[in-house]
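Chain by chain, the residues:
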Amino acid sequence: MDVEREFDEYVLACVLSRALEEIDAGEATVTEATGLSRTELREIINCGFPAVFISAFSLEEASDPAIGAEEELLRGMLFAHALVGDVASARFAKIIARRALRDDDLWQELGLCDPAELSRLLATHFPKLASGNTQNMRWKNYLYRKLFEAEGFSSCTAANCQECRDFKGCFDAEEGKSGLVETKGGVDLD
């Protein structure tokens, strides 16, 4: 179980790194970037990060995040599939719902290194939901498909995925760079 706890801490560090990027760019507060309350963030930061970094998150300047209807639906679906009574799963439900609203692939929006890390996170905290992605659909597309199905809607007009004109948009390999890849002068440093 320690391995999973360490992985959870790693994922939180990745998410908070993305949050810091958005804070520095003036795009969001830490609560807006994560979907977590100030209380939740204070607990996470105080327990898992050196005190020297705490001020960088400007928690005193942030208010609890406003939750829109789409995010509320995503949260609800994730909560319904989260490990019962697991605080980490509930927090990841909030984080994933918030970061899914962003434009890039979900693994990138979480600051993870690759889609496999997102698969591991979902399999750990939302095992029943994750196990349904048997065709290796991109995770954000899969989550929205499950949400639409739960609400009684269809997410596309094709009779089945193989007949869809946007098949690659859902099933192609998720590519791109991790949010953790540092660049200088346009050259990757890794």
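What you are looking at is a predicted structure, and each value in this text was computed from that prediction instead of being measured. (Residues numbered from 1 in each chain as written. Predicted model: local features only at pLDDT ≥ 70, side-chain atom pairs only at ≥ 80, totals over all residues. Heavy atoms only, no water.)

A separate point is the pattern of salt bridges. As enumerated under the stated definition, the model contains 14 salt bridges in all. When salt bridges with common partners are traced through the structure, they connect Arg-18, Glu-21, Glu-22, Arg-99, Arg-102 and Glu-109 into a single cluster. (Salt bridge = Lys/Arg side-chain N within 4 Å of Asp/Glu carboxyl O.)

With that settled, the discussion passes to the side chain of Arg-98. Relative to the helices and strands, Arg-98 is located in helix H6 (residues 87-99). The residues touching Arg-98, leaving out its near neighbours within four places in the chain, are Thr-31, Glu-32, Ala-33, Thr-34, Gly-35, Pro-65, Ala-66, Ile-67 and Glu-71. (Helix = DSSP H or I, 4+ residues; strand = E, 2+ residues; numbered from the N terminus. Contact = heavy atoms within 4.5 Å.)

Of all the positions in helix H8 (residues 115-125), only Glu-117, Leu-118, Leu-121, Leu-122 and His-125 are classed as buried. Buried residues along H8 cover an arc of 135° about the axis, so they all sit on one side. Packed against the buried residues of H8 are helix H1 (2-24), helix H5 (69-81), H6, helix H7 (106-109), helix H9 (127-131) and helix H10 (139-150). Regarding H8, its N-cap is Asp-114, as a side-chain oxygen of that residue lies 3.0 Å from the backbone nitrogen of Ala-116 further along. (Buried < 20%, exposed > 50% of the residue type's maximum accessible area, 1.4 Å probe, protein only. Arc of directions from axis to C-beta. Polar contact = N/O pair within 3.5 Å; in protein donor to acceptor, adjacent residues only side chain to side chain.)

Below, the discussion takes up the confidence of the model for the protein chain. Mean pLDDT for the protein chain: 84, with 79% of residues reaching 70 or above. Scored below 50 in pLDDT, residues 180-190 makes 13 contacts in the model with residues more than four places away or belonging to other chains. (pLDDT = per-residue confidence, 0-100.)

All right, on to the packing of aromatic side chains then. A full pass over the atoms with the stated rule returns three aromatic pairs. Ring centres of Phe-7 and Tyr-10 lie 5.9 Å apart, and the angle between their planes is 35°; this geometry places the pair in the tilted category. With Phe-7 and Tyr-10 both in helix H1, this residue pair falls three residues apart, about one helical turn. By relative accessible area, Phe-7 is classed as buried at 7%. Judged by its relative accessible area of 27%, Tyr-10 falls in the partly exposed class. The ring of Phe-7 has Arg-120 sitting right over it, with the charged end atom 3.9 Å from the ring centre. (Phe/Tyr/Trp six-rings, centres within 6.5 Å; stacked < 30°, edge-to-face > 60°. Lys NZ or Arg CZ within 6 Å of the ring centre and 35° of its normal.)

On to the layout of surface pockets, then. By volume, the largest pocket is sized at about 450 Å³. What lines the largest pocket is a set of 19 residues, among which Arg-5, Asp-8, Glu-9, Leu-12 and Ala-88 lie closest to the centre. Residue assignment for the lining of the largest pocket shows that the elements contributing at least two residues are H1, helix H3 (38-48), H6 and H8. Sort the elements by how many residues they give to the lining of the largest pocket and H1 lands first, with five residues. Among the residues forming the lining of the largest pocket, the class breakdown is nine nonpolar, three polar and seven charged. (1 Å grid on protein atoms, 1.4 Å probe; cavity = no way out; pocket = protein on both sides within 12 Å on 5 of 7 lines; lining within 4 Å. Points joined across faces, edges and corners; volume = space filled by probe spheres on them. Nonpolar A, V, L, I, M, F, W, Y, C, P; charged D, E, K, R; others polar.)

Two elements in contact, H6 and H8, have axes separated by 10 Å at closest approach and are oriented at 135°. By the criterion of interaxial angle, the relationship of H6 to H8 is oblique. Pair H6 / H8 crosses with left-handed handedness. Contact with H6, carried on its side by Ala-88, Ser-89, Phe-92 and Ile-96, involves Leu-121, Leu-122 and His-125 of H8 and no other residues of that element. Classifying every residue of the contact of H6 with H8 gives five nonpolar, two polar and no charged. (Axes fitted to C-alpha atoms, helices over the stretch in contact; angles between N-to-C directions. Parallel < 35°, antiparallel > 145°, perpendicular 65-115°, else oblique. Left-handed = near helix turned anticlockwise from the far one by under 90°.)

Taking 1.5 Å as the rise per residue, H6 with 13 residues should run 18 Å; its terminal C-alpha atoms sit 18 Å apart, in good agreement. Among the residues making up H6, those that are buried are Ser-89, Arg-91, Phe-92, Ala-93, Lys-94, Ile-95, Ile-96, Ala-97, Arg-98 and Arg-99. (Expected span 1.5 Å × (residues − 1).)

Take the packing of H1 against H6 next. Across the interface, H1 lies against H6 with an axial gap of 12 Å and an inter-helix angle of 35°. The chirality of how H1 crosses H6 is left-handed. Contact with H1, carried on its side by Asp-8, Val-11, Leu-12, Val-15, Arg-18 and Glu-22, involves Ala-88, Phe-92, Ile-95 and Arg-99 of H6 and no other residues of that element. Across the contact of H1 with H6, the residue classes tally to six nonpolar, no polar and four charged.

Glycine aside, residues mostly have negative phi, and peptide bonds are mostly found in the trans state. Although it is not a glycine, Ser-58 adopts a positive phi angle of roughly 50°. Positive phi outside glycine occurs at Asn-136, with the angle close to 60°. Turning to its location among the elements, Asn-136 is positioned in the loop between H9 and H10. According to the relative accessible area criterion, Asn-136 is exposed, its value standing at 60%.

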